[in-house]
Amino acid sequence: MPATRQVYWNIDGHVWLYLFFAITLMVLGYGVYRRLRLWKMGQPENRWQEVWAGIKDILVYGLGHKRILKEGYPGIMHLSIVLGFLFLVFATAVITLHADLGLPLFQGNLYLFIKFTANFFGLAAILGILMAFVRRYILRPDRLDNKPDDAITLGLIFAILVTGFLIQGARMAAEPDPWAIWGFVGYWLITPLQTLFNEGELLSLHKLLWWIHLALAFLFMAYFPYSKLFHVILGPLNQFFRKRGAVGVPALIDFEDESVENYGISEFKELSWKTLFNSDACLRCGRCQDNCPAYVSGKHLNPKQIIQDLRVRMEEEGKALAEARKFAKKNANSPGAAEAASTKEMIGNAASNVKDEEEELLIAPGRALIGEVIPEEDLWACTTCRSCEEQCPVFVEHVDKTIDLRRNLVLTEARFPAEAQLAFRNMENNGNPWGIGWSKRAEFLSGLEVPTMEENPEAEILYWPGCSGAFDARNQKVAAAVVRLLRQANVNFAILGNEEKCCGDSARKLGNEFLFQTLAGENIEVMKSYGVKKILTQCPHCFNLLKHEYPQLGGDFEVVHHTTYFRELLQDGRLTLGKYEDKKSSRAPLKVTYHDSCYLGRYNQIYREPRELLRLAGLTIIEMPRHGGKSFCCGAGGGRMWLEEHGGQRINELRTKEALTTGAELVGSACPFCLTMINDGINAQEGAVQVKALDVAEILVQAL
Ligand code: SF4
Ligand code: SF4
């Protein structure tokens, strides 16, 4: 422990120090309490189920920066600041324990270790802060909105770090330190400081800087819960409380429950505490915005803005609640107030939730979630691609809310785009969104002699072509390719034929839960009647729904996507491949770019298998800049396949341009919606006709 510090460590110093510290803690505590009170307004939701997984997430995504580091500049910038912050907190804690509690910690090798690491990471943090200033105020990427809080936060940390090093330098300049070199940043300052000041001045400077540093540190602590700094705690907590298991499975609505009058979510009070917490955990980093196909293509929807708007709405509600409490308190004290007793009791509960009926009466209805906080057009613009969630460093959950709000519009308000109405009616009447007669479902396979489950009850696998495979001319070819590959591998399979109905994915994601449950219920019943165990499909939407969402209704089947299944057949030697050949042009395109479907990739982590199949077919893959988890949606997910696209550019055309820019001769995909959208995109591009879009199954057939 350096002697210089002891100079200020007298009785008076302690008194002032502890007084300031106590005030700081009170301000900090009040700030935390204010936010807690806001989150408590939300509905209960249990997020404690997987504590160890939560801790692991904090280590991997919080400390380890797994997601943040996906972007080089902001990733390194943030990591430098965080490491500096952590090491300096550690160093300060050790010094305080040593000086205040007399624990002999800050000595020997630990002293040298702390001195060196605090200098190293403190310097890294200064560089990180400078990078942040450059990025925010010089480079100014669109996705960052600069608020005064950002400048204050950065300035405060910068000032704490700089004064810390100056203190160290002034001390070592005033008193010879044989270990000075271990504090190398302070060491560099010795000569300039000695040139500028004499010994007495150095001691005074040291004292002054020490108090300034301390005041800044207390200011930092007090400001913490009122500022962006709070994300240091809220970010990891949001990672801890994130949803685990299959992603994007909407909650089941119980239509038997007659007490439910309002489906989905339309009012603030229906939001869960986790939704409110999300809005506080959001760092405003804008990664979601940058990766949202709707926003990037010029639509009004901006996932970051939605989260920020919910935060503003939460604060409005919190303010209204606080005023209601004040009003109630005043009434309780006024003579003769009839409701005094009940009001008082009410305030007793109050940390209480806004859902408390009496209290609710005192709050004027705030802005409606749909329309006033979130524009309706934003709700319909979302493709449920989950890119926002995948890129978010703190696992903010955007999509479930969109579906909940859509549910309200569809099931309670009966207010939705006209095209959705048509798709719903077609699904209801004919079991498919195209509205083609249900009895024509199996016609696409005429000539291929595929047995139905009724004809082949011993089938080892049920092939589920889905509505696209059955009714869409382009995707019928894909279904035929799947059948051909299954035959080639001698797989004993069958279809449901006319007994298959739309799986219900589009209906569910568009908010029509009732239609989804009707369709899914009928499909499950039919499959159970045939004793189906395993289902194969080429459609990622059917795949995801059958695998993760049908179990909610008792439909537990093993479900496999064709890319995974064909990969297995090749591994088992049941299928053998040559090289891909374009039979028509006799040209053998060697370069392919693969477009990841959101529901296969981000929803189910199937990235490797389709690429392996393409390589096995002799093709060279050229990746688009946005691929894998960062893939850019084709624009058809979340039921948007059936809706008109309003405003901005067309998402599929943007994606197709990206694919064509790679110079590949083929665009591979593994989803009927993506295939349709990319085909349309290619047709819309001048001079791109020589490029083909094919499903992986079609490529494999041409490599047989
Ligand atoms: S799910 Fe996709 S379209 Fe919807 S807000 Fe997120 S990034 Fe945008
Ligand atoms: S929601 Fe996540 S990705 Fe979007 S701005 Fe907030 S922290 Fe960043």
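Bear in mind the structure is a predicted one, so any value in this text is a computation, not a measurement.

**Focus: the overall build of the protein chain**
Piece 1. Scanning the protein chain from N- to C-terminus turns up 30 helices and eight strands.
Piece 2. Here the C-alpha coordinates of the protein chain stretch approximately 100 × 75 × 45 Å along the principal axes.
Piece 3. Classification of the 704 residues of the protein chain by burial places 54% in the buried group.
Piece 4. Taking contacts inside the protein chain between residues at least 6 apart in sequence as the whole, the part at least 24 apart equals 79%.
Piece 5. Accessible surface for the protein chain amounts to roughly 31,200 Å². Of this, 59% is attributable to carbon and sulfur atoms.

**A short note on a positive patch on the surface**
Piece 1. Together, Lys56, Lys66, Lys70 and Lys630 make up a positively charged patch on the protein surface.
Piece 2. Relative to the helices and strands, Lys66 resides in the loop between helix H3 (51-63) and helix H4 (72-101).

**Side note on the packing of helix H26 (residues 562-571) against helix H27 (residues 608-616)**
Piece 1. It is at 8 Å that the axes of H26 and H27 come closest, and there the two elements cross at 50°. The angle between H26 and H27 falls in the class oblique. The handedness of the crossing between H26 and H27 is left-handed. Contacts between H26 and H27 involve Thr563, Thr564, Phe566, Arg567 and Leu570 from the former and Glu609, Pro610, Glu612, Leu613 and Leu616 from the latter.
Piece 2. Broken down by class, the residue content of the contact of H26 with H27 amounts to five nonpolar, two polar and three charged.

**Regarding the site of ligand 1**
Piece 1. As a structural note, the neighbourhood of ligand 1 is formed by Cys292, Pro293, Leu301, Cys382, Thr383, Thr384, Cys385, Arg386, Ser387, Cys388 and Val399.
Piece 2. Along the lines of polarity and charge, the residues of the shell around ligand 1 split into seven nonpolar, three polar and one charged.

**Structural notes on the domain arrangement of the protein chain**
Piece 1. We note that the domain assignment places domain 1 (52-240), domain 2 (268-412), domain 3 (418-571) and domain 4 (591-701) within the protein chain.
Piece 2. With 19 residues of domain 2 at the interface, the matching set in domain 4 holds 22 residues.
Piece 3. Between domain 2 and domain 4, a total of about 1,500 Å² is buried, with carbon and sulfur atoms accounting for 55% of that surface.
Piece 4. Summed over the shared surface of domain 2 and domain 4, the number is one salt bridge.
Piece 5. In this structure, Lys299 and Glu645 form a salt bridge, with 2.9 Å as the shortest nitrogen-oxygen distance.

**Things to note about the confidence of the model for the protein chain**
Piece 1. In the predicted model, the protein chain carries a mean pLDDT of 91, and 92% of its residues have values of at least 70.
Piece 2. In the predicted structure, residues 1-7 sits below a pLDDT of 50 and forms 16 contacts with residues beyond four places in sequence or in another chain.
Piece 3. When the criterion is pLDDT under 50, residues 343-352 qualifies, and its contacts beyond four places in sequence or with other chains add up to 16 contacts.

**Regarding unusual backbone geometry**
Piece 1. In this structure, Arg140 takes a positive phi of about 45° despite not being glycine.
Piece 2. Note that Arg140 resides in the loop between helix H5 (108-139) and helix H6 (148-174).
Piece 3. Here Thr384, not a glycine, exhibits a phi torsion of approximately 55°, which is positive.
Piece 4. Mapping Thr384 onto the fold places it in the loop between helix H17 (376-381) and helix H18 (387-391).

**Considering the environment of Gly29**
Piece 1. Among the structural elements, Gly29 can be located in helix H2 (residues 11-39).
Piece 2. On the basis of relative accessibility, which here comes to 32%, the residue Gly29 falls in the partly exposed class.
Piece 3. Residues Gly29 and Pro225, 196 residues apart in the sequence, show an inter-C-alpha distance of 8.3 Å.

**Observations regarding the layout of surface pockets**
Piece 1. Approximately 860 Å³ is the volume found for the second largest pocket.
Piece 2. Surrounding the second largest pocket, 34 residues form its lining, Glu45, Lys243, Ala251, Lys401 and Asp404 being those nearest its centre.
Piece 3. With five residues, helix H19 (residues 399-412) is the largest single contributor of residues to the lining of the second largest pocket.
Piece 4. Of the residues that constitute the lining of the second largest pocket, the class distribution is 12 nonpolar, nine polar and 13 charged.

**Focus: the packing of aromatic side chains**
Piece 1. Summed over the entire model, instances satisfying the criterion amount to 30 aromatic pairs.
Piece 2. Ring centres 5.6 Å apart and planes at 35° place the aromatic pair Phe21 and Phe218 in the tilted group. One end of the pair, Phe21, is in helix H2; the other, Phe218, is in helix H8 (residues 199-223), with 197 residues separating them in the sequence.
Piece 3. Here Phe218 falls in the buried class, since its relative accessible area comes to 11%.

Parameters and conventions
Within each chain, residues carry numbers counting from 1 in the order of the written sequence. Naming scheme: in the order in which they are written, chains are lettered from A and ligands are numbered from 1. For a predicted model such as this one, the threshold for reporting local features is a pLDDT of at least 70, and the threshold for listing and counting side-chain atom pairs is 80 or more; totals across whole chains, interfaces and linings nevertheless cover every residue. In computing side-chain properties, one takes all heavy atoms of the structure into account and sets aside hydrogens as well as water. To qualify as a helix, a DSSP run of H or I must reach at least 4 residues; to qualify as a strand, a run of E must reach at least 2; elements of each kind are numbered from the N terminus. Think of it in three bands: with a 1.4 Å probe and only protein chains considered, a residue is buried below 20% of the maximum accessible area for its type, exposed above 50%, and partly exposed in between. By definition in these notes, contact holds between two residues if any of their heavy atoms fall within 4.5 Å. We get accessible surface area from the Shrake-Rupley algorithm with a probe of 1.4 Å; when it comes to residues, only the shown protein chains can shield them. Candidates for patches are residues over 30% relative accessible area with no salt bridge; among them, like charges are joined within 9 Å and nonpolar side chains (Val, Leu, Ile, Met, Phe, Trp, Tyr) within 5 Å. One side-chain nitrogen of Lys or Arg within 4 Å of one carboxyl oxygen of Asp or Glu is enough to make a salt bridge. His is not counted, nor are the chain ends, whereas Lys and Arg count as positive and Asp and Glu as negative. In this description, the location of a charge corresponds to atom NZ of lysine, CZ of arginine, CG of aspartate or CD of glutamate. Note on method: axes are straight lines fitted to C-alpha atoms, helices fitted across the in-contact stretch only, with angles between N-to-C directions ranging 0 to 180 degrees. Roughly parallel means an angle under 35 degrees; roughly antiparallel means over 145; roughly perpendicular covers 65 to 115; every other angle is labelled oblique. Crossing chirality is assigned from the near helix's rotation relative to the far helix, an anticlockwise turn below a right angle marking it left-handed and a clockwise turn marking it right-handed. Any residue that is not Ala, Val, Leu, Ile, Met, Phe, Trp, Tyr, Cys, Pro, Asp, Glu, Lys or Arg is counted as polar, Gly included; the first ten are nonpolar and the last four charged. The cutoff for a nearby residue is simple: one of its non-hydrogen atoms must lie within 4 Å of the molecule or strand. As annotated, the domain borders come from an automatic or database domain assignment. Buried area is calculated as the accessible area (1.4 Å probe) missing from two parts once they are joined, with the contributions of both summed. Note on scores: pLDDT gives the predictor's confidence for each residue, bounded by 0 and 100. Cavity: a set of points on a 1 Å grid over the protein atoms alone where a 1.4 Å probe fits but cannot get out. Pocket: an open set with protein on both sides within 12 Å along at least five of seven lines, its lining residues, like those of a cavity, having an atom within 4 Å of a point. Grid points are joined across faces, edges and corners, and a volume is the space filled by probe spheres set on the points. Ring pairs are drawn from Phe, Tyr and Trp, using the six-membered ring of Trp, whenever the two centres fall within 6.5 Å, and their geometry is named by plane angle: stacked under 30 degrees, edge-to-face over 60, tilted for the rest.

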